[in-house]
Amino acid sequence: MAGKKKIVLNVGDVNYIDSIGVGVLVACFNSARSHDAALKLVNVWSRFREVLQMTRLLTVFDTYDSESAAIQSFRKSLRAAG
Amino acid sequence: MTPIMVPSPEIQVEHHLGVLARTGVAPPGLLDALTTIVDAAIELTHAQQGALLLVKSSGNFEVTVARDAQRGSPPLHQVQISSSVLRRVMGSQRELIVTEAEEDSSMARQASIGALGVHSILVIPVDKLPLAEARDTTVRGRRSELLGVLYLHSRWPFFHLDREALRMLARKVAVVVENAALFAALCEKARLDHEVEITGQIQRQMQPVQFPRGPELDVTGFTVECHAVGGDCLDVVKLSDKRHGLLVGDIAGKGIPASLLASLLQGLFVTIGTLDLPPEEVVSRVNRYLCERSPEDWYATLFYAILDSSGRLDYVNAGHVPALIRRCSGKVESLESTNFPVGMFSDAKYTRATTQIEAGNYLLIYTDGIPEAKNRRGEFFGEAGLRRLLEEFPGQTVDDLAEVVRAGVRAFTEGAPQSDDIAVLAGHYRGASLSTTSVRALKGDACLKRSRPKRPLVGRIRATKTELSLSKGTDHGTHNDGTRIERHYGCGHERRDRVGGGKQRVPREDQRAAHGGEKEDRLERG
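Residues numbered from 1 in each chain as written. Chains lettered and ligands numbered in written order. Predicted model: local features only at pLDDT ≥ 70, side-chain atom pairs only at ≥ 80, totals over all residues.

### Remarks on the overall build of chain B
Along its length, chain B carries 17 helices and 15 strands. Residues counted as buried form 40% of the 526 residues belonging to chain B. (Helix = DSSP H or I, 4+ residues; strand = E, 2+ residues; numbered from the N terminus. Buried ≥ 20, exposed ≤ 12 C-beta atoms within 10 Å, placed from the backbone.)

### Quick look at the confidence of the model for chain B
Residue and element names in this part refer to chain B. For chain B, per-residue confidence averages 76 on the pLDDT scale, and residues scoring 70 or more make up 70% of the total. Of the regions scoring below 50 in pLDDT, residues 101–116 engages in 18 contacts with residues more than four places distant in sequence or in other chains. With pLDDT under 50 throughout, residues 434–526 is counted as low confidence; its partners more than four residues away or in other chains account for 146 contacts. Taken over the whole predicted complex, pTM reads 0.66, whereas the ipTM for its chain interfaces reads 0.81. (pLDDT = per-residue confidence, 0-100. Contact = placed C-beta atoms within 7 Å.)

### Some thoughts on helix α8 (residues 255–273) of chain B
All names here are of chain B. The end-to-end C-alpha distance of α8 is 26 Å, a good match for the 27 Å that 19 residues give at a rise of 1.5 Å each. Within the span of α8, buried status applies to Ala258, Ser259, Leu261, Ala262, Leu265, Gln266, Leu268, Phe269 and Gly273. On its buried side, α8 packs onto α7 (163–206), β7 (232–240), β8 (243–251), α9 (279–293) and β9 (300–308). (Expected span 1.5 Å × (residues − 1).)

### Points about the nonpolar core
All names here are of chain B. One finds Val248, Tyr304, Leu364, Ile365 and Ile370 to be the most contacted residues of the largest nonpolar core, which totals 84 residues. With seven residues, the top contributor of residues to this core is β9. Ignoring sequence-local partners within four residues, the contact set of Val248 consists of Leu234, Leu302, Phe303, Ile365, Tyr366, Thr367, Ala423 and Leu425. With 38 residues, the next largest nonpolar core counts Ala66, Val85, Leu150 and Ala165 among its residues. (Core = buried A, V, L, I, M, F, W, Y, C linked by C-beta atoms within 7 Å.)

### Details of the sheet that holds strand β6 (residues 217–224) of chain B
Strand-to-strand pairing in sheets goes through backbone hydrogen bonds, with the strands running parallel or antiparallel. All names here are of chain B. Strand order in the open sheet formed by five strands is β6-β15-β14-β11-β12, and the pairing between neighbours is antiparallel. Each end of this open sheet is capped by a strand with a single partner; those strands are β6 and β12 (332–335). Adjacent strand axes in the sheet meet at a mean angle of 15 degrees, parallel and antiparallel pairs treated alike. Bridge analysis of strand β11 (residues 323–326) against strand β14 (residues 362–366) gives three bridges, and the strand direction is antiparallel. Its bridge partner being in β14, Leu324 is matched across the sheet by Leu364. On the sheet, helix α10 (residues 382–392) packs against β11, β12 and β14 and is oriented at approximately 20 degrees with respect to β11. (Pairing = 2+ DSSP bridges. Axes fitted to C-alpha atoms, helices over the stretch in contact; angles between N-to-C directions.)

### As for the interface of chain B and chain A
Between chain B and chain A, the residue contacts involve 17 residues of the former and 15 residues of the latter. Of the residues belonging to the side of chain B that touches chain A, the class tally is seven nonpolar, six polar and four charged. (Nonpolar A, V, L, I, M, F, W, Y, C, P; charged D, E, K, R; others polar.)

Here it is, written out as structure tokens:
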């Protein structure tokens, strides 16, 4: 994705997220999408992952196991776009 | 500027104490109390005029009380106040005396003082009470905040001032003003509490008064709110004599904002649901409406199902906790989420899934307040806890099931504060009635008759003559036996063979479509 802004959110220390948190995350995602930006999540574990799974948001967010993998994915997208 | 002089002969102290004592029995009204304090300040300082100025929310001073030495009240707008003196006091937050005769030329030259035609000005700052600040650790160590000033004019220089007595008066002003503010806040809170309570009553009245009760289907439900109002909702929409729409929704968040949106969600479903559209179409329409009208970070998870008299259950689980089916064998099946919540993405596609409910099965739709109920050790009740309750449920009535769930969660939490709203909708499907099955197939079937205990036919199902005759001859006295038969019967192959139960009516292509929609509802990225 060749977005204007590239955001990587490392949520490795987040072991619980409530519905309000999910709402804020989705608002951020929608905001990024409307501004042609990209938001990627890193280290989505435990309860966080369960909630994203149940709400099917794992099909929306790009998730990675490390920050370097997430950053690398931007580079690949740029190469693909170029 | 002259430092305040402290000498106070004993006799003067007694006089001062007498003056202060009178302020302690001030009249109950705020202005009356403040007037008494200003009078006391004039008496203590022998000033000709005194005023109390309070800092308003705009940050400006406003004359609240003005008095003269004759206990008269000059018009507030006629009280002359030096803005430069006020600025000095705001800067230093200390008592200040300004005298024309003194050598402080920088002060004496200021026109705003000279225009007043007074000889001396005494200003005593009134600070907010230190006790209130000490409770708030975020402001500890900061300078005290100015509540206002006592402002006194005199034609003569001030002398023999009792600094402590004047400070005590300033503290009395702070006590009176802050007590009044607290009282006003208390009244406002009581008014808001009353409105919230009424909102809660309205919300409870919007819940279904009567759930379907009939020979085929019994439904019940309950909600338990964390606060006076809740963000969960449930409802049952009668689509026809043989079909019902069942809704349980959970708004993200709690409290009044969530309750407003829960009522909106419930209203939308009752309105759109009665159009008797496929469940995925109902949810899609609701989603589009909510995406247009609701705040950006708002959404709701929900489970919407249409149950027909044959036991066919078409449902949409939109990001919601799985609904559970308790089979007659005790086995519990989950109806998992296959869709996005509503209110998140206007372009989301919703797909339905279909399953078959057999006679004697129970359906439990609930919100995450059940699995996320916590005990005092911080442990979650969990979906496993709920499944265990269902597996061990002896299988009598739907009301029993609701009570088992309610009591099970209550026993687990051991009185720990409820952390989320709870909504539970429970259904007990007892099989197709005569009006949808072959009379010949049922003829002479004693088990079937006994499997349908007599119940008052209340709620939204209108009983037909045929249905009434079906339940004739049974009673609650045989309830336990009847239940046993029902469980056995509902799961037996013989019933499906004889009655032609609904399973055969579900087209395979429908089932494939229902379970295979995962890729379709994935959003386009970027």
